[in-house]
Amino acid sequence: SISSEIRRADDDMSVGSAMTSESKVRSSLRQLLQDNMGTMLDLSSTRLHHVHVTELVHSLNVASSLQTLILENCKLNDNEVEIIGNGLSSPENSAPITRLSFRSNRIGNRGAVSLEQFFLK
C-alpha cells in the first residue's frame, strides 16, 4: 500500500524553510498538517527551536492521520523533548502517532522520561 508522506524540502516553503518567525511557524505547520493529511512528517536535520517545538505540538490537534513523526538530527535537547512528550500525551492531540524517531539529538534521562506517558498510552 502507498502511504502519504510529508517531507521537508529545502527548495520550497515547507516547514523547514518557513521557520523565521512565530507566525510563519504556526501557519506553516498547521497548514502543512491540515492540507496534506499525510501519515508521516519528517523534519530531520531541521533546527527546531523552542517556539518551533511548541507550535509543532499545538499543530498535532489537526493531524488526524499523522502516524509517523521523524525528528532526527534536529538538535533537540531535554527541554524540547519534554514539550513534545507532554504534547503527545495531551488529550488535545488527535494524531494517531505510532512511530517516533529522535535519532541524533541531545536527549538525556529527563527527555526520555518525558516520553514515557506517550508510550504507555
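Just so it is clear, the structure is predicted and the values come from calculations on it, not from any experiment.

Examining the side chain of Asn93
Note that Asn93 resides in the loop between α3 (78–89) and β4 (99–101). From its side chain, Asn93 meets the backbone oxygen of Leu88 in a polar contact 3.0 Å long. What Asn93 contacts, discounting residues up to four positions off in sequence, is Leu60, Gly87, Leu88 and Lys121.

Section: the nonpolar core
Counting 27 residues, the largest nonpolar core has Leu41, Leu66, Leu71, Leu76, Ile84, Leu88 and Ile97 as its most contacted members. For this core, the secondary-structure elements that each account for two or more residues are α1 (22–36), α2 (50–59) and α3. For this core, the element with the highest residue contribution is α3, accounting for four residues. What Ile97 contacts, discounting residues up to four positions off in sequence, is Leu60, Leu66, Gln67, Leu69, Leu88 and Phe118.

A few points about the confidence of the model for the protein
Note that predicted coordinates carrying low pLDDT should not be read in detail. Per-residue pLDDT for the protein averages 79, and the proportion of residues at 70 or more is 75%. Of all helices and strands in the protein, the one with the weakest mean pLDDT is strand β1 (residues 6–7) (47), whereas α3 scores best (95). Every residue in residues 1–23 scores below 50 in pLDDT, and together they form 39 contacts with partners more than four places removed in sequence or on other chains.

Looking at the pattern of salt bridges
Taken as a whole, this structure holds three salt bridges when the rule is applied. With its nearest N and O atoms 3.6 Å apart, the salt bridge here joins Glu72 to Arg103. Here the residue Glu72 occupies a position in the loop between β3 (68–70) and α3, and Arg103 occupies one in the loop between β4 and α4 (109–114), the gap between them amounting to 31 residues. The residue Glu82 makes a salt bridge to Arg110 at a minimum N-O spacing of 3.9 Å. In this pair, Glu82 is assigned in helix α3 and Arg110 in helix α4, connecting sequence segments 28 residues apart.

Some details on the packing of α2 against α3
Where α2 contacts α3, the two axes come as close as 9 Å, and the packing angle between them is 10°. What the angle tells us is that α2 and α3 run roughly parallel. Residues His50, Val53, Thr54 and Val57 of α2 lie in contact with α3, whose contacting residues are Glu80, Ile83, Ile84 and Gly87. Taken together, the residues of the contact of α2 with α3 sort by class into four nonpolar, three polar and one charged.

Parameters at a glance
- Residues numbered from 1 in each chain as written.
- Predicted model: local features only at pLDDT ≥ 70, side-chain atom pairs only at ≥ 80, totals over all residues.
- Heavy atoms only, no water.
- Helix = DSSP H or I, 4+ residues; strand = E, 2+ residues; numbered from the N terminus.
- Polar contact = N/O pair within 3.5 Å; in protein donor to acceptor, adjacent residues only side chain to side chain.
- Contact = heavy atoms within 4.5 Å.
- Core = buried A, V, L, I, M, F, W, Y, C linked by side-chain atoms within 4.5 Å.
- Buried < 20%, exposed > 50% of the residue type's maximum accessible area, 1.4 Å probe, protein only.
- pLDDT = per-residue confidence, 0-100.
- Salt bridge = Lys/Arg side-chain N within 4 Å of Asp/Glu carboxyl O.
- Axes fitted to C-alpha atoms, helices over the stretch in contact; angles between N-to-C directions.
- Parallel < 35°, antiparallel > 145°, perpendicular 65-115°, else oblique.
- Nonpolar A, V, L, I, M, F, W, Y, C, P; charged D, E, K, R; others polar.

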